[in-house]
Each structure stands twice: as C-alpha cells, then as structure tokens.
Amino acid sequence: MISPLENRETYALSTLKLENFRSYLALEIDFADGFHVIHGPNAQGKTNLLEAVHFLSTTRLLRGTKDSDAISHGSHSAKLEGEVGRTSLSIELETGVRKRAKINGLGLPRAADLIGRLPCVCVSSLDMAIVSGDPAERRLFLDLELSQAFPAYLRHLTLYKRALEQRNALLKVANDSFVDPESFEVWEVQLGEHGEALREFRRTFTLDLQNIAAGVQADLGDGEHLALTYAPKDESDLVTAYAQSRHHDIMRKTTTIGPHRDDLQIAVAGTEARYFGSQGQQRSCVISLKMATLQLHATRLGKAPLLLLDDILSDLDAERRTRLSACVVQNAGQVILTCTEKHLISKDILDKASLFRVQCGTVIKE
C-alpha cells in the first residue's frame, strides 16, 4: 500500500493562525506533511479548527449562513492566516463588511480569488445533505469542487450569477411596468453563454466522478452500485429558453430555468438515494463522492488536495472504517482528521499521524 508521502506531490498547509475565529481568540498551529489527528470531547473546538482550514481554502463556512457568524462572540472582526509552501493566504472578517482576502500580503479584488490556492476535499456529517437534501445542495457541491480545480469554471460561475441577478431584477420591475425586451436580451445572451459552459463542465465532471465513485462505493457499500447523472431542468438552447420563459418568469419574478435549477441525480442499488436510500447507504454515497473527488482533483491538479475528515469515523461500523482508512492511506496527501476517540482510527493512520488534543478551545500537541 502506498504511503501518502511516497512519490506523491501534495498541497499542504504548514501553519495556521487564527484571531477571534469561532472559539479561538488566538491560535497558531504548525502542520507537517501527512496525517494529523485532532481529538477530544465534543464541543471543545475540533470542528472550529477544521472549519478554519476549510474557510481559508474555499472562502466558505461549513456552518452558518453569514461570514460574521464565525467571528468570536464579543468581537467585531476575525483573521485567518495560512502558509502553503512559500505562499501566505489570509482572510479578514469584519461585522457589516464584505470579507477581504490577501495573498502574500497583497489584497485580492474578490475573496473568491483565493480559491484554488489550497485545494481541499472535506467530509463531514453536514455533507449528508448532498444526497438527502434539496438540489441546491448538490449544485453547491458541484460548484465548490469544480471551482477549486478549474479557474475557468469559477469565472463562468461568477459571470453567470451576475447576469442572473440582473435578469431577476428586471423581472421584478417588469412585473409592475413595461421593460424593453432588449434589456432582457443583453443579460440572457450572457446567461446562455456562461450557463452552457457551466453545464458542460458539470456533465464532464459527473461522468468522470461516476467512473471513480462507483468503485469506491462498491468497496465501502458491500458491492452496491452507485450511479450519477447530471440532470438539466431543460434541454433546449438556453438563450432561446430564456426568451420563451420570459413572460412566465415575469409572473414569478425570478428565472425558473438554467444551471441554477439543475440537479445531480444520485442512485444506489438501482434506486434514487435521496428518497429510498437508507442512512447508511446515503452516508456511503457521500464518502464515495468525496473520495472520488479527491482522486479526480489529484489527477487534474497534479497534486493531492488537502483532505479534511470531520468526525465521520464514529458514524461507520468497524468494517467500513477499515475500508475508508485504506482508501485514505492509498489516495490522500495531507490529512487533518477530527475524532472524539483515538481508538476509532486505524493503526495505518495512527502510526503515521501527528496527534493534537483539543480541550476548552486549547490545542495541545501530544
């Protein structure tokens, strides 16, 4: 079995500094290459630490709807810094102000420009929504993973969202007063261009993901077959479809077709996992999707992304823990794993890992 450090280049976080982020008023922690186990009782700050790394990587929180939710209680600002090779990444949060990001001390036009500097794949209990939740959860999964691996996808997504906002604003105006059709056409052409590009990326990614995830699922789920299908809400030319749906959309005051309404269908053992999969099957599907994504990104980027595992071992039986551990050792680069009990971790991982204990918001290296 291949060690994560043998003949494999990896994206690795060497230092993490936090100020007023969640339960951490001040924290500095160094990471080596390879495995890291963050353990301790519940509600001590393990997930907060993992979330900080995820936020620095993706500019998105694991929990909460607003960035300000992550600022420590009683504070008005927070700062996260990380070192990746010779590159310094940072994000600053301030109540009532849009988050700001920097690379090597230089401000970026948008925080999203940080995406791709520290690619990561994160697996947590919250990811169950990818399978069991609404289509928006699956679209978010696609958008997040594709944006990390393909800068062009992130550009198309940004421009699509901007055009969508403009069209939706016009729809609201048109619901009360006349709006020249040409005003719609300007944005519908952009929606069509960038929307078709988004769909093409998603279709290709889904097919590639299917090819790998099916094998992972077969190992984790006792041979159960996993099938993925990208499902557009409409199949017609987007520019034409937007024009044809304009009257209907004016009545609804929102754009009802396009990539922002598409879905990723996930089936296991021949049935749709969202409705008919057991909790165990759904959990295996999520892990299979994420581990397949890790392998895809490693191939695409030429380096293994950082893997974050947030207390998922306790939700698996002993056999599945063993199988997942083998998959992690075989495919991962740098890994940061949280758990409540160290005995749940396989010897293959524990023997190689740096151990940290978290208690009352304090991180102690063992």
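This report concerns the structure included in the present document. (Residues numbered from 1 in each chain as written. Predicted model: local features only at pLDDT ≥ 70, side-chain atom pairs only at ≥ 80, totals over all residues. Heavy atoms only, no water.)

**Regarding the sheet that holds strand 15 (residues 362-365)**
A sheet is described by the order of its strands in space; here six strands give the open sequence 8-12-13-3-14-15, paired in mixed fashion. On the outer flanks of this sheet lie strand 8 (120-124) and strand 15, each paired with one strand and no other. Across the sheet, the mean angle from the axis of one strand to that of its neighbour is 15°, orientation sign disregarded. Strand direction decides the pairing type here: strand 14 (residues 354-359) and strand 15, joined by four bridges, are antiparallel. Among the inter-strand pairings, Gln359 is bridged to a residue of strand 15, identified as Thr362. (Pairing = 2+ DSSP bridges. Helix = DSSP H or I, 4+ residues; strand = E, 2+ residues; numbered from the N terminus. Axes fitted to C-alpha atoms, helices over the stretch in contact; angles between N-to-C directions.)

**Thoughts on helix 4 (residues 151-174)**
For helix 4, spanning 24 residues, the distance from its first C-alpha to its last is 35 Å, which sits close to the expected 34 Å at 1.5 Å a residue. Taken residue by residue, helix 4 has Tyr153, Leu154, His156, Leu157, Tyr160, Ala163, Leu164, Arg167, Asn168, Leu170, Leu171 and Ala174 as its buried positions. On its buried face, helix 4 is in contact with helix 3 (135-149), helix 5 (181-220), helix 6 (238-244) and helix 7 (246-252). (Expected span 1.5 Å × (residues − 1). Buried < 20%, exposed > 50% of the residue type's maximum accessible area, 1.4 Å probe, protein only. Contact = heavy atoms within 4.5 Å.)

**Regarding empty space enclosed by the protein**
Per the counting criterion, the structure on display carries three cavities of 30 Å³ or more. Roughly 80 Å³ of internal volume is contained in the largest cavity. Lining the largest cavity, in full, are Val123, Ser124, Ser125, Asp127, Met128, Arg283, Val286, Ile287, Ile312 and Asp315. Sorting the residues of the lining of the largest cavity by element identifies strand 8 and helix 9 (279-301) as the ones contributing at least two each. Sort the elements by how many residues they give to the lining of the largest cavity and helix 9 lands first, with three residues. A class-by-class count of the residues in the lining of the largest cavity yields five nonpolar, two polar and three charged. The wall of the second largest cavity is formed by Val131, Arg138, Asp263, Leu264, Gln265, Ile266, Glu272 and Arg274. By residue number, the principal contributor to the lining of the second largest cavity is strand 10 (residues 263-268), which donates four residues. In the lining of the second largest cavity, the residues fall into three nonpolar, one polar and four charged. (1 Å grid on protein atoms, 1.4 Å probe; cavity = no way out; pocket = protein on both sides within 12 Å on 5 of 7 lines; lining within 4 Å. Points joined across faces, edges and corners; volume = space filled by probe spheres on them. Nonpolar A, V, L, I, M, F, W, Y, C, P; charged D, E, K, R; others polar.)

Take it as geometry only, folks, not as evidence of what the structure does.
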